Amino acid sequence: MKTEPDQSTPPPRIKYLISEKIDGLFLSLYDVHKFIIRFFKEAFAPPYEFKEIINQCYQVGYRSLPLVSLTGFIVGIVFTKQSRPSLSTFGAASWLPSLISIAIIRALAPLVTALIAAGKVGSNMGAELGSMKVTEQIDAMEVSATNPFKFLVTTRILAITFMLPILVLYMGFVGMMGSYLNVHLTEQTSYTAFFKSAFSTISFLDIFSSVFKSAVYGFTIGVAGCYQGYHAENGTQGVGKSANSAVVVSMFLIFIEEMLIVQVINAIR
Amino acid sequence: MDNKEVIISIKDLTKSFGSLSVLKGIDLEVYKGENVAVLGRSGTGKSVLIKIISGLLKPDSGTVKVLGEEVDKISNTALQKLRLKIGFSFQSSALYDSMTVRQNLEFPLVRNRRNLSKQDVSKAIEEVLNDVGLSQTINQMPSELSGGQRKRIGIARTLILKPEIMLYDEPTSGLDPITSIEINNLILQVQKEYNTTSIIITHDLTCAKHTADKVAMLMDGKFLSQGSFKEVFSTDNESVKTFYDYNFINDK
């Protein structure tokens, strides 16, 4: 808007409760809270966008497979290779499969997959919704009596929340295969012996907690990406900013959630 | 046609963005079947006006009644129902760029008329594409269309819901004169065939002269004058004269 400010009446000075930044932070948190509440309302209220949810699951899940496979496989090999000398010092190289399985299933697979998804999927959501916002495509949906929030936001958040646990389990499997390859080539351990040893230390709680926390990370990535994109402004600069914020905020929250969930799971264990 | 039925009624409408006062008390009445062109310089709040009419923005004060309902006071459900009767053609066309032309047209239709069969949907799409003369683009992506084609598809997407009111935001901006004439003719065709009442936001005087039954000149947040094209431009106001002279290439 390039209209000249009204000179006759000076604008009233804005009074802040604490300061501009702190007030802004609380207002943003309130806004995010409203956004999440709206997500739950829209997710459970018909009509449902099943077709778009499946499309988003494909985009989020299937399209991430190459990156997740490569990363998982390399993490498995490298982690095994780096852990071997320390265990060998104590004559405990035979514990390698157990150590690797615990590390991958409990921590590495959920965390690494979530960080990959934050970078790949979160930034994509921020950029895609951001560009739709600044080019008035979201407004166009709104004025044609359709619900852009349900079509764009709800479907994306649901898709990443469903797909991330699946990607995490897949990465766990690929990581274990990478680890097995390294162990097999070095110590000629058989497939059966490796996996028997690996799964001897893994409990149902380990797998459940991995699936649970990856669903939480998925939800976090979805909310951060969609929130930033849905509220993008100031043209292309705003689109870049929302894509960037989507990744930064998701990663920051994932680490905090990891710390909290690990405390809770350890207390249960 | 009952020309006395008021379709859009705006009284003392004000809107500010922070310290910027954009609309400073606007009054406007648009009658059934009428095309009203709102003219004015860039940044005078013309687009803000139609965004308020369609419920995309909320006014600071004043009343905006569309088909007898106050858009900023009705419930969300009522607003959605009202929006089915309003078509909004965006300046940027705002086509969904990840969807084909067919999917763009299908999007509002299948979500608002859930009882339609696939054949009915296809028929409705073919019909509006024929009306805007772009049947051949049905499977193209928006990025493959020219500026004029994008505008037409944008209009077709609103027509598919058979609106009673059309809001055009700068329908000819960025188009060559020949394509602009085609869009002007399309606006008149829509008025006639779909029996719509329209507000056309523009600073293209040829568009206003060609399409509008009434012209309203927006200056400094208020309507300077309203009336026929001739009445509005028969003035000594320097800004209005400059507007006219620039558009019709009158050298001083």
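Counting starts from 1 at the beginning of each chain's written sequence and moves along it residue by residue. Each chain gets a letter, beginning with A, and each ligand a number, beginning with 1, in the order they are written. Owing to the predicted nature of the model, reporting of local features is limited to residues with pLDDT of at least 70; listing and counting of side-chain atom pairs is limited to 80 or more, with chain, interface and lining totals taken over all residues. Computation of side-chain values covers all heavy atoms of the structure but excludes hydrogens and water.

Going by the annotation in an unreviewed UniProt entry, the name recorded for chain B is ATP-binding cassette domain-containing protein, with Chitinophaga oryziterrae given as the source organism.

Under an unreviewed UniProt entry, chain A has the name ABC transporter permease and belongs to Chitinophaga oryziterrae.

In this text, helices come from DSSP runs of H or I with a minimum length of four residues, and strands from runs of E with a minimum of two, each type numbered from the N-terminal end. Counting secondary structure elements, chain B contains nine helices and ten strands. Taking 18 Å as the expected radius of gyration for a compact globule of 252 residues, we find that chain B reaches 18 Å, a close match to that expectation. Along the first, second and third principal axes, the C-alpha atoms of chain B reach 55 × 45 × 40 Å. Burial classes follow relative accessibility: with a 1.4 Å probe on protein chains only, a residue under 20% of its type's maximum area counts as buried, one over 50% as exposed, and anything between as partly exposed. By residue count, 51% of the 252 residues in chain B fall in the buried class. It only takes one pair of heavy atoms within 4.5 Å for two residues to be counted as in contact. Relative to all contacts within chain B whose residues are 6 or more apart in sequence, the contacts with residues 24 or more apart total 68%. When the accessible area of chain B is evaluated, it comes to approximately 11300 Å², of which 47% is carbon and sulfur surface. Only four residue types enter the tally: Lys and Arg on the positive side, Asp and Glu on the negative side, with His and both chain ends excluded. In plain terms, the charge of a residue is placed at NZ if it is Lys, CZ if Arg, CG if Asp and CD if Glu. Placing the 32 positive and 31 negative side-chain charges of chain B at their respective mean positions leaves the two points 5 Å apart. Here the globule rule is a power law, 2.2 Å times the number of residues to the power 0.38, and the radius of gyration is based on C-alpha atoms. Residue-level accessible areas treat just the shown protein chains as cover; the underlying method is Shrake-Rupley with a 1.4 Å probe.

Here the focus is the UniProt feature "domain: ABC transporter" (unreviewed entry) in chain B. UniProt positions are given in the numbering used here, feature names are shortened, and annotations may be inferred rather than shown by experiment. Those places that UniProt annotates as "domain: ABC transporter" (unreviewed entry) correspond, in this numbering, to residues 8–245 of chain B. For residues 8–245 of chain B, the end-to-end C-alpha separation is 31 Å, with 39% helix and 26% strand making up the annotated structure.

Counting 89 residues, the largest nonpolar core has Phe 35 of chain A together with Ile 10, Leu 23, Ile 53 and Ile 199 of chain B as the members making the most contacts within it. Among the elements that line this core, the one with the most residues is helix H6 (residues 148–187) of chain A, at 16 residues. The residues touching Ile 10 of chain B, leaving out its near neighbours within four places in the chain, are Ile 26, Asp 27, Leu 28, Leu 49, Ile 53, Thr 63 and Val 64 of chain B. Here, nonpolar core means buried Ala, Val, Leu, Ile, Met, Phe, Trp, Tyr and Cys residues that are tied together by side-chain atoms lying within 4.5 Å of each other. Among the nonpolar cores identified, the runner-up in size contains 29 residues, and Ala 124, Ile 125, Leu 175 and Tyr 194 of chain B belong to it.

Residues and elements named next belong to chain A. Pairs were defined over the aromatic rings of Phe, Tyr and Trp, the Trp ring being its six-membered one, requiring ring centres within 6.5 Å. Orientation was assigned from the angle between planes: stacked under 30 degrees, edge-to-face over 60, tilted for the rest. Scanning the entire structure with this criterion turns up 21 aromatic pairs over all chains. Here Phe 204 and Phe 208 contribute two aromatic rings whose centre-to-centre distance is 6.1 Å and whose plane-to-plane angle is 25 degrees, an arrangement assigned as stacked. In this pair, Phe 204 and Phe 208 both sit in helix H8 (residues 204–230), four residues apart, roughly one turn of the helix. On the basis of relative accessibility, which here comes to 68%, the residue Phe 204 falls in the exposed class. Clustering of aromatic rings is evident, with ring pairs tying together Tyr 180, Tyr 191, Phe 194, Phe 195 and Phe 199.

A word on unusual backbone geometry. Of note, the bond from Pro 46 of chain A into Pro 47 of chain A is cis; its omega dihedral lies within 30 degrees of zero at 0 degrees. For Ala 145 of chain A, which is not glycine, the phi dihedral falls at a positive 60 degrees. Positive phi outside glycine occurs at Ala 94 of chain B, with the angle close to 50 degrees.

Here we take up the environment of Ile 221 of chain A. Residue and element names in this part refer to chain A. Take Ile 221: it is sitting in helix H8. On the accessibility criterion, Ile 221 (0% relative accessible area) is buried. When the C-alpha positions of Ile 221 and Ala 246 are compared, they lie 7.5 Å apart, and in sequence the two are 25 residues distant. Ile 221 has contacts with Ala 114, Ala 117, Ala 118, Gly 122, Met 125, Ile 160, Leu 164, Ser 250 and Ile 254, leaving out every residue within four places of it along the chain.

As a further point, take the interface of chain A and chain B. Each partner contributes to the interface: chain A provides 21 residues, whereas chain B provides 30 residues. Accessible area that two parts lose when put together, evaluated with a 1.4 Å probe and summed over both, is termed the buried area. Buried area between chain A and chain B, both sides added, is near 2300 Å², and the carbon and sulfur share of it is 59%. Throughout this description, the term salt bridge denotes a Lys or Arg side-chain nitrogen within 4 Å of a carboxyl oxygen of Asp or Glu. Scanning the region where chain A abuts chain B turns up three salt bridges. Ionic pairing is found between Glu 142 of chain A and Arg 83 of chain B, a salt bridge with its closest N-O pair at 3.9 Å. Think of a polar contact as two N or O atoms within 3.5 Å of one another; within protein, one of them needs to be a possible hydrogen donor and the other a possible acceptor, and neighboring residues in sequence only count if both atoms come from side chains. Across the chain A-chain B interface, the total number found is seven residue pairs in polar contact (both at pLDDT 80 or more).

Quick look at the sheet that holds strand E1 (residues 6–17) of chain B now. Residues and elements named next belong to chain B. Spatially, four strands are ordered E2-E1-E4-E5 in an open sheet, and the strand pairing comes out antiparallel. Strands with a single pairing partner mark the edges of an open sheet, and in this sheet they are strand E2 (20–31) and strand E5 (69–70). Sheet topology note: the E1/strand E4 (residues 61–66) ladder contains five bridges and is antiparallel. Pairing of Thr 14 across the sheet is with Ser 61, part of E4. Fitted lines through C-alpha atoms give the axes, limited to the stretch in contact for helices. The angle between two N-to-C directions lies from 0 to 180 degrees. This element, helix H1 (residues 46–53), spans E1, E2 and E4 of the sheet and lies at about 120 degrees to E1. The rule for pairing is simple: two strands pair if DSSP sees at least two bridges between them.

This paragraph deals with the pairing of strand E3 (residues 35–40) of chain B. Residue and element names in this part refer to chain B. Burial analysis of E3 places six of its six residues in the buried class, which makes it a mostly covered element. On E3, burial covers both faces: Asn 35, Ala 37 and Leu 39 on one face and Val 36, Val 38 and Gly 40 on the other are all buried. For E3 and strand E8 (residues 197–202), the ladder comprises five bridges, and the chain directions are parallel. Across the sheet, the residue bridging to Asn 35 is Ser 198, located in E8. In this sheet, strand E9 (residues 214–219) lies alongside E3 in parallel orientation, the contact comprising five bridges. Bridging from a neighbouring strand, Val 38 pairs with Ala 216 of E9.

Residues and elements named next belong to chain A. Position of Ala 232 relative to the elements: it lies in the loop between H8 and helix H9 (235–268). Taking relative accessible area as the criterion, Ala 232 reaches 7% and is therefore assigned buried. For Ala 232 and Gly 218, which are 14 residues apart along the polypeptide, the C-alpha to C-alpha distance reads 21 Å. Setting aside residues no more than four positions away along its own chain, Ala 232 makes contact with Gly 130, Lys 133, Val 134, Gly 238 and Ser 242.

The next subject is the sheet that holds E8 of chain B. All names here are of chain B. Across the sheet, which stays open at both edges, the six strands sit in the order E6-E7-E8-E3-E9-E10 with mixed pairing between neighbours. Either end of the sheet is taken by a strand with one partner, and the two such strands are strand E6 (86–89) and strand E10 (222–227). Adjacent strand axes in the sheet meet at a mean angle of 15 degrees, parallel and antiparallel pairs treated alike. Most of the contacts of helix H5 (residues 147–159) go to strand E7 (residues 165–169), to which it runs at about 155 degrees, and overall it touches E6 and E7.

A few words on the pattern of salt bridges. Any two side chains of opposite charge can pair, given that their charged atoms come close. In the structure shown here, the tally under the stated rule is 16 salt bridges over all chains. Across the pair Arg 84 of chain A and Glu 187 of chain A runs a salt bridge whose closest N-O atoms are separated by 2.9 Å. Residue Arg 84 of chain A is found in helix H3 (residues 65–89), and its partner Glu 187 of chain A is found in helix H6; the two are separated by 103 residues along the sequence. Taking the relative accessible area as the measure of exposure, Arg 84 of chain A reaches 12% and is therefore buried. Glu 187 of chain A sits in the partly exposed class, given a relative accessible area of 31%. Where Lys 46 of chain B meets Glu 170 of chain B, a salt bridge forms, and the shortest distance between an N and an O atom there is 4.0 Å. Of the two residues, Lys 46 of chain B sits in helix H1 while Glu 170 of chain B sits in the loop between E7 and helix H6 (177–193), which places them 124 residues apart along the sequence. There is no split in this pair, since Lys 46 of chain B and Glu 170 of chain B are both buried.

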